[in-house]
Amino acid sequence: MQGKLYLCATPIGNLGDMTPRVIETLNMVDIILCEDTRHSLGLFNVLDIKKPLMSFHKFNFKQMEPKVIKMLQEGKNIALVRDAGMPCISDPGSELIPALIENGLEYTIIPGACAFVNAIIASGFSTKEFCFIGFLPADKPEYIVYVAIDNPKGVTQYGGTVSAPIAKSILTKLSVKASAVQTFWKLCIPGIPVYHSVR
């Protein structure tokens, strides 16, 4: 009998966000795939979860994918966690799901904390229509940038921490006119939140 992959959410700042169902699942599976085994081990030690851990992250997921498929085909039940939040959101876990579908393997979601959902709710922006275009890199000179581009067809909303060239690139990809980019960019002061509407 084939195994199943469980996509398990982990806390994004408060240990209390770890749901009983996630804990039960992690105690039930044979192996846990982790973004960073050292980080996850700290969490699992607190929760007394003792299972074999394997790394699954952006640097090794291509090599790990066939191994994961083979283990599932052999009947192993596997959990996938990331350092914080929901796997597969701007995460290489999303590359694994199509491979499971292609190989006829089962997977399920054990839901919980999700950073971008919390962010859009807390932002005060409308949640009727919004677009999440990924988390911004944290290893660049930082600018805090929030962009709301209004148009008759709806609203595209964006927020995050970003370096100057990346922010300009994002605005360009969103088809904002050059003059609007320049006007926006003058408002982007390092370390200061900026809320600006570009038309």
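Scoring rules and cut-offs
- Residues numbered from 1 in each chain as written.
- Predicted model: local features only at pLDDT ≥ 70, side-chain atom pairs only at ≥ 80, totals over all residues.
- Heavy atoms only, no water.
- Helix = DSSP H or I, 4+ residues; strand = E, 2+ residues; numbered from the N terminus.
- Buried < 20%, exposed > 50% of the residue type's maximum accessible area, 1.4 Å probe, protein only.
- Contact = heavy atoms within 4.5 Å.
- Areas by Shrake-Rupley, 256 points an atom, 1.4 Å probe, with all protein chains shown as cover.
- Pairing = 2+ DSSP bridges.
- Axes fitted to C-alpha atoms, helices over the stretch in contact; angles between N-to-C directions.
- Parallel < 35°, antiparallel > 145°, perpendicular 65-115°, else oblique.
- Left-handed = near helix turned anticlockwise from the far one by under 90°.
- Nonpolar A, V, L, I, M, F, W, Y, C, P; charged D, E, K, R; others polar.
- Arc of directions from axis to C-beta.
- Salt bridge = Lys/Arg side-chain N within 4 Å of Asp/Glu carboxyl O.

> Explain the overall build of the protein chain to me, and be specific about the residues and the numbers.
Helix and strand content of the protein chain: 7 helices and 8 strands. Of all 199 residues assigned to the protein chain, the portion counted as buried reaches 38%. For the protein chain, the share of sequence-separated contacts (at least 6 apart) that also reach a separation of at least 24 residues comes to 64%. Summed over its atoms, the accessible surface of the protein chain is roughly 11400 Å², and 56% of this surface lies on carbon and sulfur atoms.

> Run through the pairing of strand S4 (residues 78-81), naming residues and quoting values.
The two faces of S4 match: Ile78 and Leu80 on one face and Ala79 and Val81 on the other face are all buried. Relative to S4, strand S1 (residues 4-8) runs parallel, the two sharing 3 bridges. Bridging from a neighbouring strand, Leu5 pairs with Ile78 of S4. Direction of pairing for strand S2 (residues 31-34) relative to S4: parallel, over a ladder of 4 bridges. Pairing of Ile32 across the sheet is with Ala79, part of S4.

> Mind laying out the packing of helix H3 (residues 61-73) against helix H4 (residues 93-102), listing which residues take part and the relevant values?
Close contact between H3 and H4 brings their axes to 10 Å; oriented N to C, the two are set at 40 degrees. Comparing the axis directions of H3 and H4 gives the class oblique. Handedness of the crossing formed by H3 with H4: right-handed. Residues Phe61, Glu65, Val68, Ile69 and Leu72 of H3 lie in contact with H4, whose contacting residues are Glu95, Leu96, Ala99 and Leu100. For the contact of H3 with H4, the class distribution of residues is 7 nonpolar, no polar and 2 charged.

> Could you give me a rundown of helix H2 (residues 37-46), with the residues and numbers involved?
Every buried residue of H2 is listed here: Ser40, Leu43 and Phe44. Along the axis of H2, the buried residues cluster in a sector spanning 95 degrees; they form a single face. Seen from the open side of H2, the exposed residues pointing more than 90 degrees away from its buried face are Arg38 and Val46. Where H2 is buried, its residues meet helix H1 (20-28), S2, strand S3 (53-55) and S4.

> Give me the lowdown on the pattern of salt bridges, citing residues and values where you can.
Enumeration according to the criterion identifies 6 salt bridges in this entry. Lys4 is the partner of Glu106 in a salt bridge, and the nearest nitrogen-oxygen pair spans 3.8 Å. Of this pair, Glu106 sits in strand S5 (residues 106-110) while Lys4 sits in strand S1; the two residues are 102 residues apart in sequence, bridging distant segments of the chain. Overall, Lys4 belongs to the partly exposed group, its relative accessible area being 23%.

> Just give me the short version of the sheet that holds S1, but keep the residues and values in it.
In space, the 5 strands of this open sheet follow the order S3-S2-S4-S1-S5, with parallel pairing throughout. On the outer flanks of this sheet lie S3 and S5, each paired with one strand and no other. Looking at each pair of strands side by side, their axes are set apart by 25 degrees on average, direction ignored. Lying on the sheet, H1 is in contact with S1, S2, S4 and S5; it crosses S1 at an angle near 145 degrees. Its contacts with the sheet place H2 against S2, S3 and S4, and it is angled at close to 150 degrees to S3.

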